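One-letter residues, chain by chain:
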Amino acid sequence: QVQLVESGGGLVQAGGSLRLSCAASGSIFSINGMGWYRQAPGKQRELVAGITSGGTTNYGDSVKGRFTISRDNGKNTVHLQMNSLKVEDTAVYYCNAALQLRRYSALEAYWGQGTQVTVSS
């Protein structure tokens, strides 16, 4: 069974740091893009950061300069280092990956179950 499993969320004070990790497991032929999204109560899910298989990154405007995304292709993992956290970063963070399950199959989008990040003032 293919799944994305997140870890690293929690409660932190404003100005602090957290590191999120996401591991893809199961029968996977290859992984294309990976990324992190977040959804705060009453708001739409938004892109936080993305990274291609080649390492090209992109970030949401609100996190540029504070968050860093990275991946380990050998371990099928993606990480999100979050520094200088603000109260408005509070949300459920979801890992996303475009997976190719078999050699000639199309890419499929998979989501993790979400991990809560709460930033207190």
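Residues numbered from 1 in each chain as written. Predicted model: local features only at pLDDT ≥ 70, side-chain atom pairs only at ≥ 80, totals over all residues. Heavy atoms only, no water.

Caption draft 1: The arrangement of the packing of aromatic side chains in detail. Under the counting rule described, the total for this entry stands at 1 aromatic pair. Considering the side-chain rings of Tyr 37 and Trp 111, the 5.1 Å spacing of their centres and the 65° angle between planes classify their relative orientation as edge-to-face. Of the two residues, Tyr 37 is situated in strand β4 (residues 30-39) and Trp 111 in strand β10 (residues 108-111); the sequence distance between them amounts to 74 residues. Here Trp 111 falls in the partly exposed class, since its relative accessible area comes to 38%. (Phe/Tyr/Trp six-rings, centres within 6.5 Å; stacked < 30°, edge-to-face > 60°. Helix = DSSP H or I, 4+ residues; strand = E, 2+ residues; numbered from the N terminus. Buried < 20%, exposed > 50% of the residue type's maximum accessible area, 1.4 Å probe, protein only.)

Caption draft 2: Quick look at the sheet that holds strand β8 (residues 77-82). Strand order across the open sheet formed by 4 strands is β1-β3-β8-β7, with antiparallel pairing between neighbours. Each edge of the open sheet is held by one strand with a lone partner, namely β1 (3-7) and β7 (67-72). Each strand axis lies, on average, 15° off the axis of its neighbour in the sheet, ignoring direction. Here strand β3 (residues 18-25) runs beside β8; their pairing, made up of 6 bridges, is antiparallel. (Pairing = 2+ DSSP bridges. Axes fitted to C-alpha atoms, helices over the stretch in contact; angles between N-to-C directions.)

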